[in-house]
Amino acid sequence: MRLSLSELYDILFRFYGPQNWWPIVENGVSLYLPGYTQKQRTPEEALEIWIGAILTQNTAWKNVEKALVNLKERLPLLPESLLTLSEEELSDLIRPAGYYRQKAKKIHVSMRFLLQDYGGNPCELRRLPLSEARHQLLSLWGIGPETADSILLYALGFPIFVIDTYTRRILKLLGYPEATQSYERLQDLFHKNITPDVGLYREYHALFVAAGKTCGRKPDCGRCPLFSWCERHHTRA
DNA sequence: CGCCAGGTTGTTG
DNA sequence: CAACAACATGGC
């Protein structure tokens, strides 16, 4: 019997507990505070999430953390401050996050956009309809669907579901054919089956990441709460 | 040492 | 549209 998406959420939540995404870096460590799933983010927090979403593209969070620490000890995290740095200076600070020249360019593009169109305040995007805010994000060089949706959900508080490689991996193993389809197609599955609640969407996506890590390079099936529904369980040679 | 991590873009068939 | 290369550091 295949797991429904709400049953899956319950299992993951009971096993991994609240994830309290998205973290803010303070005193050199990432903080995951209980209020974060519901909280309306301040412009400062929203900007850090925005930049973090770019930095974490195909990159371990530990490396992003180092980059954010470097940035925050060098200057206040504001578009106008970041833009006083050249792309080369910026790339030097974010080096630990990898792809540092690409990401410096991406951050510059986003900061110019925010400063020119929204007075440097990312939260102003919240005034737009969701589809238009998403369209604007996707029009920026360096922001694809996952980064856009992470910003919309975690920084701006729009009810949109984030799809990442972990989501696909888990759903494939659970036998969901939609997992091999396009980003928007898979996203629709969540929008149609899970009530659009920001706190719920934030927690659910973070739980996929937690589960995906258990199922990474060295799968720890003995400790996976999904073992009995997993393809590996049934199709082992 | 090799593999991969909270992707996106550009190129090519 | 799908497949593939390029982008790059650091942890396990």
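Please refer to the structure placed before this passage.
Residues numbered from 1 in each chain as written. Chains lettered and ligands numbered in written order. Predicted model: local features only at pLDDT ≥ 70, side-chain atom pairs only at ≥ 80, totals over all residues. Heavy atoms only, no water.

Remarks on unusual backbone geometry
What counts, and what does not: Burial status follows relative accessibility: with a 1.4 Å probe on protein chains alone, a residue under 20% of its type maximum counts as buried, one over 50% as exposed, and anything between as partly exposed.
Trp21 connects to Trp22 through a cis peptide bond whose omega is 5°. Phi angles above zero are rare outside glycine, and Asn27 is one such case at about 50°. Accessibility expressed as a relative area gives 78% for Asn27, which makes it exposed. Its identity is not glycine, yet Tyr99 carries a phi of approximately 45°, on the positive side.

Thoughts on the packing of helix α2 (residues 43–55) against helix α6 (residues 100–118)
Worth spelling out the cut-off: Structural elements are reduced to axes, namely lines fitted to C-alpha atoms, with helices fitted over the stretch in contact, and the angle between N-to-C directions of any two is expressed from 0 to 180 degrees. Helix and strand assignments follow DSSP, with helices taken as H or I runs no shorter than four residues and strands as E runs no shorter than two, numbered in order from the N terminus. Angles below 35 degrees are treated as roughly parallel, those above 145 as roughly antiparallel, those between 65 and 115 as roughly perpendicular, and all remaining angles as oblique. Here is the rule for handedness: rotate from the far helix to the near one, and if that takes an anticlockwise turn smaller than a right angle the crossing is left-handed, while a clockwise turn gives right-handed. In what follows, residue pairs with any heavy atoms lying within 4.5 Å of each other are defined as contacts. Basically, the charged four are Asp, Glu, Lys and Arg, the nonpolar ten are Ala, Val, Leu, Ile, Met, Phe, Trp, Tyr, Cys and Pro, and anything else, Gly included, counts as polar.
Two elements in contact, α2 and α6, have axes whose closest approach is 10 Å; the angle formed by their N-to-C orientations is 150°. On the basis of the axis angle, α2 is roughly antiparallel to α6. As for the relative orientation of α2 and α6, their crossing is right-handed in sense. Residues Leu47, Trp50, Ile51, Ile54 and Leu55 of α2 lie in contact with α6, whose contacting residues are Lys103, Lys106, Ile107, Ser110, Met111, Phe113 and Leu114. Within the contact of α2 with α6, the residues separate by chemical class into nine nonpolar, one polar and two charged.

Topic: the protein's contact with DNA strand B
The test is simple: If even one non-hydrogen atom of a residue comes within 4 Å of a molecule or strand, that residue is called near it. For this analysis, a polar contact is any N or O atom pair within 3.5 Å, provided that within protein one partner can donate a hydrogen and the other can accept it, and provided that sequence-adjacent residues contribute only side-chain to side-chain pairs.
Lining the immediate surroundings of DNA strand B are 25 residues, of which Trp22, Gly142, Gly144, Thr147 and Tyr166 lie closest. Counting only the atoms of DNA strand B within 4 Å of the protein, the fraction contributed by sugar and phosphate is 64%. Contact distances for DNA strand B include 3.5 Å between a phosphate oxygen and a backbone N or O atom of Pro145. Secondary structure elements with two or more residues in the surface near DNA strand B: α8 (145–155), α9 (165–173) and α11 (198–214). Split into classes, the residues belonging to the surface near DNA strand B amount to 12 nonpolar, eight polar and five charged.

Here's the deal with the protein's contact with DNA strand C
What surrounds DNA strand C is the set Asn58, Asn63, Lys66, Arg95, Pro96, Gly98, Tyr99, Tyr100, Arg101, Gln102 and Arg217. Side-chain polar atom of Tyr99 to a base nitrogen of DNA strand C: 2.3 Å apart, as the coordinates give it. Contact distances for DNA strand C include 3.1 Å between a phosphate oxygen and a backbone N or O atom of Gln102. Mapped by element, the contributors of at least two residues to the surface near DNA strand C are α3 (61–74) and α6. Grouping the amino acids of the surface near DNA strand C by side-chain chemistry returns three nonpolar, four polar and four charged.

Notes on α6
This is how the line gets drawn: Take the number of residues in a helix, subtract one, and multiply by 1.5 Å to get its expected span.
The terminal C-alpha atoms of α6, which comprises 19 residues, lie 26 Å apart, in line with the 27 Å expected from a rise of 1.5 Å per residue. Buried within α6 we find Lys103, Ala104, Lys106, Ile107, His108, Val109, Ser110, Met111, Phe113, Leu114 and Tyr118. Where the residues of α6 are buried, they touch α2, α4 (79–82), α5 (87–93) and α7 (130–138). Of the residues trailing α6, Gly119 is marked for its positive phi of about 60°.

Structural notes on the side chain of Glu45
Relative to the assigned elements, Glu45 resides in helix α2. When sequence neighbours within four positions are dropped, the list of residues in contact with Glu45 reads Ile24, Tyr36 and Lys39.

Re the packing of α2 against α3
For any two helices packed against each other, the geometry comes down to the angle between their axes and how far apart the axes lie. Interaxial distance between α2 and α3 falls to 10 Å at its minimum, and their mutual angle equals 135°. Our classification of the angle between α2 and α3 gives oblique. The handedness of the crossing between α2 and α3 is right-handed. Residues Glu48, Ile51, Gly52 and Leu55 of α2 lie in contact with α3, whose contacting residues are Trp61, Val64, Ala67, Leu68, Leu71 and Lys72. A breakdown of the residues in the contact of α2 with α3 according to their chemical character gives seven nonpolar, one polar and two charged.

Remember, this is a structural readout, not a statement about activity or role.
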